[in-house]
Amino acid sequence: MTAKFEYTKLCYGEMFQVLKSLRQHELFCDIKLETDDGTIIFGHKVILASASPYFHAMFTNFAEKNKDHVVIRQLDSIILQLLDLLAATNLLQLNDLKDTCCDFIQKQLHPTNCLGIKAFADVHSCTKLLSSSELYIKQYFFLILREVVETEEFLSLSSEELVKLISFDELNVSSEEEVFECVLRWVKHELDSRKCFLPQLMEHVRLAFTSENYITQKVLKEPILNNCPKCKEYINEVLHFHFPKRHESDQVIPIPERIRYKPRLEDKVILVVGGIGTKYSDSTEWYDPKVSQWKLMAKKPTKRVLASVAVSKDNLFFVVGGYGLGSYLRSGFVIDLFSESPSKRIDDMLVKRAKLGVGVINKNLYAVGGFDGTNCLNSAEVFDDSTKKWRMISSMSTRRGEFGVGVLNNLLYAVGGSDFMSGEVFNSVECYHPSLDAWRPVAEMCKRRRGVGVGVLDGVLYAVGGHDGSETLKSVEAYRPSTGVWTTMADMNLPRKLVGVVALEGLLHAVGGRDDSFVFNSVEVYNPITNTWTMLGAPMNVQRRDRDRGPSRRAAGQAFIRRATSLKLNSQPAKY
């Protein structure tokens, strides 16, 4: 006959009190833990080892396994006692007390303890604490690398844990060199047993975002990489990326999309697609400010012309409208330029549009104005993200083509432009309010501008360059909603029309474009603090401008991608 005894929460509580009393009275304790603040905490090895992989490794594999007094660096006594308490509450199923401990520990997260807390939360199924510690690690990884990469806590990570850690797109690092260095330290800590993990780890180190000098001076000279055939393959690949060979046509050979060439989502880059230089280009390239270089991508967005592009917060790149196969288009598609996924068609617009304006507000894509092959348009429509269908919205007051679009405070601004039929160039601006389904007039610009570049930086809408009907402009003006007026800013170094304008790291970039004679591959940068423009030292690989008038010439485009932990992409409309 088998007797069955059912434990109750009261019994668990009593057991917890007994264990707590034993530790407080130093009974049966076989380990003393000393923290940086000099506090001595008594404990039981078997409890700590069963509750924490860190302590399990310490008491079984490390030098401390035969010691009864261990100094715990970079962890204060309060956190250590709470972790011990959390282990006991989890073991005894005291969920209320467990939740309280987790909430408190979450507030104590720090670069010096987050790896251990994450591992602890994982073992004890503390979902909320695990999620918050993972997010903390992504955001502060650059500090973790500097403060704890040499500690046992980091060096005792499993290969699976390290792969997961460095594979995060959201990982915040000041440079990819730091990720590479941390992989080397981990592998070299136990080289014989860990060198087999090198190919798997190096798959997630994005060497394309390190400098050419670092590749030649550090990566190429690293013996453990040179002794690994797969790693040598990765190195040859990145050498081709940094020092590409050229075809007879002098076109740079781009690199296929792989995770090793995908920027971290905390990185910010400028992305440009298509355009006309000395001839039409269907290439795509991006600028990485960390290494001050432009790099070509293998992915080519489309063969159509006169289309417009926009980027959504879901890491998606939209191309809509334009001209192709002898007709004006209603079609569009969406693509993730930093993944291997193919482009996908989206529902057709309700109106054929070329030279239109586009913008994204709250994941909804707006298509405004343009030319349908017969008339310049003032109509507008929106691709509703919830229904994946287009629907008409209120029309602008003015028929516009070759105008700029900016999104500021969830409002859509249509800036300048011209009427292809009459030839009139506008200095007028109007603003669409999605909540009202209404366009409202905005103060007129100081200059008439078609082919104007529009960018948004720190709550200010900028109108850059363009053509006033007589000449190409290098003048710039800015609109602040708080004042409701346009203010003249410093001139660019060069007059530019059909120019892409994007914000990056607190600066405004004017990309490509042309004057009355030449197409540019140059970029100049505006600093709003000093009110000055300077030329960027790194020109694009390809000269690019937007198109002039008529379907017989090709279109250019610029789009800005901002990757952040949760936002991923910031919508900045652009011409393609």
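Summarised in this report is the structure supplied together with it. Predicted model only: the values in this text are computed from it and were never measured.

Reading guide: rules and limits
- Residues numbered from 1 in each chain as written.
- Predicted model: local features only at pLDDT ≥ 70, side-chain atom pairs only at ≥ 80, totals over all residues.
- Heavy atoms only, no water.
- Helix = DSSP H or I, 4+ residues; strand = E, 2+ residues; numbered from the N terminus.
- Buried < 20%, exposed > 50% of the residue type's maximum accessible area, 1.4 Å probe, protein only.
- Contact = heavy atoms within 4.5 Å.
- Areas by Shrake-Rupley, 256 points an atom, 1.4 Å probe, with all protein chains shown as cover.
- Phe/Tyr/Trp six-rings, centres within 6.5 Å; stacked < 30°, edge-to-face > 60°.
- Arc of directions from axis to C-beta.
- Axes fitted to C-alpha atoms, helices over the stretch in contact; angles between N-to-C directions.
- Parallel < 35°, antiparallel > 145°, perpendicular 65-115°, else oblique.
- Left-handed = near helix turned anticlockwise from the far one by under 90°.
- Nonpolar A, V, L, I, M, F, W, Y, C, P; charged D, E, K, R; others polar.
- Core = buried A, V, L, I, M, F, W, Y, C linked by side-chain atoms within 4.5 Å.
- Pairing = 2+ DSSP bridges.
- Disulfide = S-S within 2.5 Å.

A short note on the overall build of the protein
- Within the protein, the secondary structure is distributed over 16 helices and 30 strands.
- Here the protein holds 576 residues, and 56% of them are scored as buried.
- Counted over contacts in the protein with a minimum sequence separation of 6, partners at least 24 positions apart contribute 57%.
- With the model as given, the accessible surface of the protein reaches about 25,100 Å², and the carbon-plus-sulfur share is 50%.

Here's the deal with the packing of aromatic side chains
- With the rule as written, the count across this model stands at 13 aromatic pairs.
- Seen in terms of ring centroids, Tyr-328 and Phe-371 are 5.7 Å apart; in terms of plane orientation they differ by 80 degrees. Their pairing is edge-to-face. Within this pair, whereas Tyr-328 is found in strand 10 (residues 327-328), its partner Phe-371 is found in strand 14 (residues 364-371), the two being separated by 43 residues in sequence. Grouping residues by exposure puts Tyr-328 and Phe-371 together as buried.
- One aromatic cluster is present, built from ring pairs that chain together Tyr-323, Tyr-328, Phe-371 and Phe-420.

Notes on helix 10 (residues 159-167)
- Among all positions in helix 10, only Ser-159, Leu-162, Val-163, Leu-165 and Ile-166 are buried. Around the axis of helix 10, the buried residues are gathered within 165 degrees of arc, so they sit on the same side.

Describing the packing of helix 11 (residues 176-189) against helix 14 (residues 212-219)
- For the pair helix 11 and helix 14, interaxial distance at closest approach is 12 Å and the crossing angle is 15 degrees. Classed by the angle they form, the pair helix 11 and helix 14 counts as roughly parallel. Note that helix 11 runs across helix 14; the crossing there is right-handed. Contacts between helix 11 and helix 14 pair Glu-177, Phe-180, Glu-181 and Leu-184 from the former with Tyr-214, Lys-218 and Val-219 from the latter.
- For the contact of helix 11 with helix 14, the class distribution of residues is 4 nonpolar, no polar and 3 charged.

Regarding the nonpolar core
- Counting 57 residues, the largest nonpolar core has Phe-180, Val-183 and Met-202 as the members making the most contacts within it.
- It is helix 11 that contributes the most residues to this core, 7 residues altogether.
- The next biggest cluster of nonpolar side chains, apart from the first, holds 16 residues, and it includes Ala-478, Met-489, Met-492 and Trp-533.

Topic: the side chain of Asn-364
- Within the fold, Asn-364 resides in strand 14.
- For Asn-364, a relative accessible area of 16% gives the class buried.
- For Asn-364, the residues in contact, after removing those within four places along its chain, are Gly-359, Val-382, Phe-383, Asp-384 and Asp-385.

Some remarks on the environment of Phe-42
- In this structure, Phe-42 sits in strand 2 (residues 40-43).
- When the C-alpha positions of Phe-42 and Lys-32 are compared, they lie 4.6 Å apart, and in sequence the two are 10 residues distant.
- Discounting chain neighbours no more than four positions away, the residues touching Phe-42 are Arg-23, Glu-26, Cys-29, Ile-31 and Lys-32.

What to know about the sheet that holds strand 18 (residues 411-415)
- Taken together, the 4 strands give an open sheet; going across it, the order is 17-18-19-20, and neighbouring strands pair in antiparallel fashion. Of all the strands in the sheet, the pair left with one neighbour each is strand 17 (404-408) and strand 20 (438-442). For this sheet the average axis-to-axis angle between neighbouring strands, irrespective of direction, equals 25 degrees.
- With 5 bridges connecting them, strand 17 and strand 18 associate as antiparallel partners. Bridged to Val-407 within strand 18 is Leu-412.

As for the pairing of strand 13 (residues 357-361)
- For strand 13, the buried fraction is high: 5 of the 5 residues fall into the buried class.
- Where burial is concerned, the two faces of strand 13 agree: the one with Gly-357, Gly-359 and Ile-361 and the one with Val-358 and Val-360 are both buried.
- Two elements, strand 13 and strand 14, share 5 bridges in a ladder whose sense is antiparallel. Bridge pairing in strand 14 places Val-358 opposite Ala-367.

So, the sheet that holds strand 23 (residues 476-480)
- Judged by pairing direction, the sheet is antiparallel, and its 4 strands sit side by side in the order 21-22-23-24 without closing on themselves. Bordering the open sheet on either side are strand 21 (453-457) and strand 24 (485-489), each of which pairs with just one other strand. On average, each strand axis in the sheet is tilted by 25 degrees relative to the strand beside it, whichever way the strands run.
- Pairing of strand 22 (residues 460-464) with strand 23 involves 4 bridges; the strand directions are antiparallel. Along strand 23, the bridge assignment pairs Val-464 with Val-476.

Concerning helix 14
- Taken residue by residue, helix 14 has Tyr-214, Ile-215 and Val-219 as its buried positions. Taken down its axis, helix 14 places every buried residue within 100 degrees of arc, on the same side.

Concerning unusual backbone geometry
- We note that Asn-362 has phi near 50 degrees; this positive angle belongs to a residue other than glycine.
- Backbone geometry places Asn-531, a non-glycine residue, at a positive phi of 55 degrees.
- For Asn-531, the location among the structural elements is in the loop between strand 27 (523-527) and strand 28 (532-535).
- Look at Asn-531 and you get partly exposed, because its relative accessible area is 32%.

Describing the pairing of strand 8 (residues 317-320)
- Across the two faces of strand 8 the burial is the same, with Phe-317 and Val-319 and Phe-318 and Val-320 all buried.
- As paired strands, strand 8 and strand 11 (residues 332-335) are joined by 4 bridges and run antiparallel to one another. Residue Phe-317 lies in a different strand from strand 11, and its bridge partner there is Ile-335.

Brief notes about the state of the cysteines
- For the coordinates displayed, the defined rule picks out 0 disulfides.
- Left unpaired, Cys-228 is separated from the closest cysteine sulfur, that of Cys-231, by 3.2 Å.

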